[in-house]
Amino acid sequence: MQSQREPMTMALATRSSQACMPAMIESLVVRLGFPHYRIELLIPLGISLLRVGQVLYYVLATFFIAHLYDRALDMQAVAIILLGSILAGFASTGMSGLLVLSMISLVCNFLALPFEAALALFVAVEPVSDVVRTLVSVAVNSAWAAAVCGRPEPMPNDVPHAETAPVPAGEAAC
(Lines give C-alpha, C1' and ligand atoms only; values in the text may rest on other atoms or scores of the structure.)
Protein backbone atom coordinates (compact mmCIF):
# COMPACT_ATOMS: atom_id res chain seq x y z
CA MET A 1 0.00 0.00 0.00
CA GLN A 2 2.93 2.33 0.61
CA SER A 3 3.69 2.41 -3.11
CA GLN A 4 0.11 3.47 -3.91
CA ARG A 5 0.11 6.48 -1.59
CA GLU A 6 0.66 9.05 -4.35
CA PRO A 7 -2.08 7.78 -6.72
CA MET A 8 -4.55 7.52 -3.85
CA THR A 9 -3.70 11.01 -2.58
CA MET A 10 -4.11 12.38 -6.08
CA ALA A 11 -7.47 10.59 -6.36
CA LEU A 12 -8.60 12.26 -3.15
CA ALA A 13 -7.42 15.67 -4.31
CA THR A 14 -8.60 15.67 -7.92
CA ARG A 15 -11.56 13.24 -7.97
CA SER A 16 -10.39 12.29 -11.46
CA SER A 17 -8.97 8.90 -12.33
CA GLN A 18 -7.53 10.30 -15.58
CA ALA A 19 -5.45 12.78 -13.58
CA CYS A 20 -4.09 9.89 -11.50
CA MET A 21 -2.71 7.95 -14.47
CA PRO A 22 0.87 9.34 -14.35
CA ALA A 23 1.12 8.66 -10.61
CA MET A 24 -0.32 5.16 -11.10
CA ILE A 25 2.16 4.39 -13.87
CA GLU A 26 5.08 5.72 -11.83
CA SER A 27 4.12 3.77 -8.73
CA LEU A 28 3.75 0.50 -10.64
CA VAL A 29 6.86 0.88 -12.80
CA VAL A 30 9.37 2.69 -10.59
CA ARG A 31 8.35 1.58 -7.11
CA LEU A 32 7.08 -1.94 -7.81
CA GLY A 33 9.15 -2.89 -10.85
CA PHE A 34 6.49 -3.82 -13.40
CA PRO A 35 7.50 -3.49 -17.08
CA HIS A 36 6.73 0.02 -18.29
CA TYR A 37 5.67 -1.04 -21.79
CA ARG A 38 2.81 -3.10 -20.34
CA ILE A 39 1.77 -0.69 -17.59
CA GLU A 40 1.71 2.28 -19.99
CA LEU A 41 -0.82 0.36 -22.08
CA LEU A 42 -2.90 -1.23 -19.32
CA ILE A 43 -3.47 1.81 -17.07
CA PRO A 44 -5.06 4.08 -19.74
CA LEU A 45 -6.99 1.11 -21.13
CA GLY A 46 -8.27 0.21 -17.68
CA ILE A 47 -9.23 3.79 -16.79
CA SER A 48 -11.25 4.01 -20.01
CA LEU A 49 -12.87 0.58 -20.00
CA LEU A 50 -12.72 -0.87 -16.48
CA ARG A 51 -15.24 1.45 -14.82
CA VAL A 52 -15.67 -0.49 -11.58
CA GLY A 53 -16.24 2.57 -9.38
CA GLN A 54 -19.04 3.90 -11.58
CA VAL A 55 -20.68 0.51 -12.06
CA LEU A 56 -20.59 -0.24 -8.34
CA TYR A 57 -22.10 3.18 -7.63
CA TYR A 58 -24.97 2.60 -10.08
CA VAL A 59 -25.68 -0.86 -8.65
CA LEU A 60 -25.68 0.34 -5.04
CA ALA A 61 -27.76 3.45 -5.85
CA THR A 62 -30.37 1.38 -7.66
CA PHE A 63 -30.52 -1.13 -4.80
CA PHE A 64 -30.89 1.79 -2.38
CA ILE A 65 -33.80 3.25 -4.36
CA ALA A 66 -35.48 -0.16 -4.59
CA HIS A 67 -35.09 -0.58 -0.83
CA LEU A 68 -36.32 2.98 -0.24
CA TYR A 69 -39.59 2.15 -2.03
CA ASP A 70 -39.77 -1.33 -0.47
CA ARG A 71 -39.53 -3.01 -3.84
CA ALA A 72 -38.53 -6.68 -3.80
CA LEU A 73 -35.94 -7.59 -6.43
CA ASP A 74 -35.91 -11.03 -8.00
CA MET A 75 -32.97 -12.51 -9.90
CA GLN A 76 -34.21 -11.05 -13.19
CA ALA A 77 -34.32 -7.55 -11.68
CA VAL A 78 -30.81 -7.98 -10.23
CA ALA A 79 -29.54 -9.08 -13.65
CA ILE A 80 -31.18 -6.03 -15.25
CA ILE A 81 -29.56 -3.78 -12.64
CA LEU A 82 -26.13 -5.32 -13.26
CA LEU A 83 -26.40 -5.10 -17.05
CA GLY A 84 -27.86 -1.59 -16.96
CA SER A 85 -25.14 -0.45 -14.55
CA ILE A 86 -22.39 -1.85 -16.76
CA LEU A 87 -23.84 -0.07 -19.79
CA ALA A 88 -24.27 3.14 -17.81
CA GLY A 89 -20.67 2.82 -16.59
CA PHE A 90 -19.41 2.67 -20.17
CA ALA A 91 -21.67 5.56 -21.19
CA SER A 92 -20.51 7.75 -18.30
CA THR A 93 -16.84 7.85 -19.28
CA GLY A 94 -15.61 11.38 -18.70
CA MET A 95 -18.76 12.51 -16.91
CA SER A 96 -18.85 13.97 -13.43
CA GLY A 97 -21.26 15.58 -11.01
CA LEU A 98 -24.93 15.73 -11.95
CA LEU A 99 -24.35 13.98 -15.26
CA VAL A 100 -23.33 10.86 -13.34
CA LEU A 101 -26.54 11.10 -11.34
CA SER A 102 -28.60 11.20 -14.51
CA MET A 103 -27.24 7.78 -15.45
CA ILE A 104 -28.78 6.31 -12.28
CA SER A 105 -32.19 7.30 -13.61
CA LEU A 106 -31.54 5.25 -16.75
CA VAL A 107 -30.88 2.14 -14.66
CA CYS A 108 -33.94 2.85 -12.49
CA ASN A 109 -36.17 3.30 -15.54
CA PHE A 110 -35.56 -0.32 -16.57
CA LEU A 111 -37.35 -1.39 -13.38
CA ALA A 112 -39.89 1.46 -13.23
CA LEU A 113 -38.32 2.78 -10.03
CA PRO A 114 -38.95 6.48 -9.28
CA PHE A 115 -35.59 8.24 -9.22
CA GLU A 116 -36.77 11.83 -8.86
CA ALA A 117 -37.62 11.63 -5.14
CA ALA A 118 -34.14 10.34 -4.26
CA LEU A 119 -32.35 12.88 -6.48
CA ALA A 120 -31.98 15.46 -3.70
CA LEU A 121 -30.34 12.88 -1.45
CA PHE A 122 -27.91 11.83 -4.18
CA VAL A 123 -27.02 15.46 -4.93
CA ALA A 124 -26.23 15.97 -1.24
CA VAL A 125 -23.85 13.00 -1.03
CA GLU A 126 -22.34 13.38 -4.52
CA PRO A 127 -19.04 15.02 -3.40
CA VAL A 128 -18.30 12.17 -1.00
CA SER A 129 -19.42 9.43 -3.36
CA ASP A 130 -17.34 10.93 -6.19
CA VAL A 131 -14.19 10.62 -4.08
CA VAL A 132 -15.05 7.01 -3.20
CA ARG A 133 -15.75 6.17 -6.87
CA THR A 134 -12.39 7.62 -7.88
CA LEU A 135 -10.52 5.77 -5.12
CA VAL A 136 -12.17 2.49 -6.15
CA SER A 137 -11.34 3.08 -9.82
CA VAL A 138 -7.69 3.89 -9.08
CA ALA A 139 -7.25 0.92 -6.74
CA VAL A 140 -8.97 -1.58 -9.04
CA ASN A 141 -7.14 -0.38 -12.14
CA SER A 142 -3.76 -0.56 -10.39
CA ALA A 143 -4.54 -4.05 -9.12
CA TRP A 144 -5.84 -5.14 -12.53
CA ALA A 145 -2.73 -3.89 -14.33
CA ALA A 146 -0.48 -5.59 -11.77
CA ALA A 147 -2.42 -8.85 -12.08
CA VAL A 148 -2.24 -8.84 -15.88
CA CYS A 149 1.51 -8.10 -15.85
CA GLY A 150 2.27 -10.93 -13.48
CA ARG A 151 5.04 -10.94 -10.93
CA PRO A 152 7.47 -8.02 -11.26
CA GLU A 153 11.12 -8.77 -11.81
CA PRO A 154 13.44 -7.58 -9.06
CA MET A 155 15.11 -4.33 -10.03
CA PRO A 156 18.78 -4.06 -9.03
CA ASN A 157 19.57 -0.69 -7.50
CA ASP A 158 22.73 -0.14 -9.56
CA VAL A 159 21.08 -0.55 -13.00
CA PRO A 160 19.72 2.72 -14.43
CA HIS A 161 16.03 2.88 -15.29
CA ALA A 162 15.26 1.94 -18.91
CA GLU A 163 14.02 5.45 -19.75
CA THR A 164 17.19 7.14 -18.49
CA ALA A 165 19.76 4.63 -19.77
CA PRO A 166 22.20 6.10 -22.30
CA VAL A 167 21.87 4.98 -25.91
CA PRO A 168 25.04 3.28 -27.22
CA ALA A 169 26.82 5.02 -30.11
CA GLY A 170 25.56 3.94 -33.50
CA GLU A 171 22.06 3.00 -32.32
CA ALA A 172 19.10 5.23 -33.02
CA ALA A 173 16.93 6.31 -30.12
CA CYS A 174 13.24 5.59 -30.46
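(A) The arrangement of the nonpolar core in detail. By size, the foremost hydrophobic cluster in this structure holds 21 residues, and its most contacted members are Y57, Y58, I65, I104 and F122. With 7 residues, the top contributor of residues to this core is helix α4 (residues 52-68). Discounting residues that sit within four places of it in the chain, Y57 has contacts with V100, L101, I104, F122, E126, S129 and R133. Counting 17 residues, the second-largest nonpolar core is a separate cluster that includes C20, I25, F34 and A146.

(B) Representation of helix α5 (residues 75-91) within the structure. In this model α5 runs 24 Å from its N-terminal to its C-terminal C-alpha over 17 residues, within 8% of the 24 Å that 1.5 Å per residue would give. Looking at the buried positions of α5, the neighbouring elements they touch are α4 and α6 (98-110).

(C) Molecular detail of the packing of aromatic side chains. This model, assessed by the stated rule, comprises 3 aromatic pairs. Considering the side-chain rings of F64 and F122, the 6.0 Å spacing of their centres and the 85° angle between planes classify their relative orientation as edge-to-face. Taken as a pair, F64 in helix α4 and F122 in helix α7 (residues 119-149) lie far apart in primary sequence, 58 residues in all. Classification of F64 as partly exposed rests on a relative accessible area of 33%. For F122, a relative accessible area of 6% puts it in the buried group. Ring plane angle 20° and centroid distance 6.1 Å describe the contact between F115 and F122, whose orientation is recorded as stacked. Taken as a pair, F115 and F122 share a single burial class, namely buried.

(D) Local environment of the side chain of S92. Take S92: it is sitting in the loop between α5 and α6. Note on S92: relative accessible area 0%, which makes it buried. Beyond its immediate chain neighbours, meaning those up to four positions away, S92 contacts R51, Q54, Y58 and M103.

(E) Region of the structure containing unusual backbone geometry. One non-glycine residue, D70, lies in the positive phi region at around 55°. Tracing the backbone through its elements, the reader meets D70 in the loop between α4 and α5. Of note in this structure, A112 is not a glycine but carries a positive phi near 55°. Structurally, the position occupied by A112 is in the loop between α6 and α7. Judged by relative accessible area, A112 falls into the exposed class, the value being 64%.

(F) Spotlight on α6. Turning to α6, its buried residues number three or more, namely V100, L101, M103, I104, S105, V107 and C108. Summarising the contacts, the buried residues of α6 are in contact with α4, α5 and α7. Two residues or fewer after α6 comes A112, characterised by a positive phi angle close to 55°.

(G) Spatial organisation of the packing of α4 against α6. As a packed pair, α4 and α6 sit with axes 10 Å apart at the nearest point and diverge in direction by 55°. Classified by the angle between their axes, α4 and α6 sit oblique to one another. Note that α4 runs across α6; the crossing there is right-handed. Between α4 and α6, the contacting residues are Q54, Y57, Y58, A61, T62 and I65 on the first element and V100, L101, M103, I104, V107 and C108 on the second. Class assignment for the residues of the contact of α4 with α6 results in 10 nonpolar, 2 polar and no charged.

Rules of the game
- Residues numbered from 1 in each chain as written.
- Predicted model: local features only at pLDDT ≥ 70, side-chain atom pairs only at ≥ 80, totals over all residues.
- Heavy atoms only, no water.
- Core = buried A, V, L, I, M, F, W, Y, C linked by side-chain atoms within 4.5 Å.
- Buried < 20%, exposed > 50% of the residue type's maximum accessible area, 1.4 Å probe, protein only.
- Helix = DSSP H or I, 4+ residues; strand = E, 2+ residues; numbered from the N terminus.
- Contact = heavy atoms within 4.5 Å.
- Expected span 1.5 Å × (residues − 1).
- Phe/Tyr/Trp six-rings, centres within 6.5 Å; stacked < 30°, edge-to-face > 60°.
- Axes fitted to C-alpha atoms, helices over the stretch in contact; angles between N-to-C directions.
- Parallel < 35°, antiparallel > 145°, perpendicular 65-115°, else oblique.
- Left-handed = near helix turned anticlockwise from the far one by under 90°.
- Nonpolar A, V, L, I, M, F, W, Y, C, P; charged D, E, K, R; others polar.

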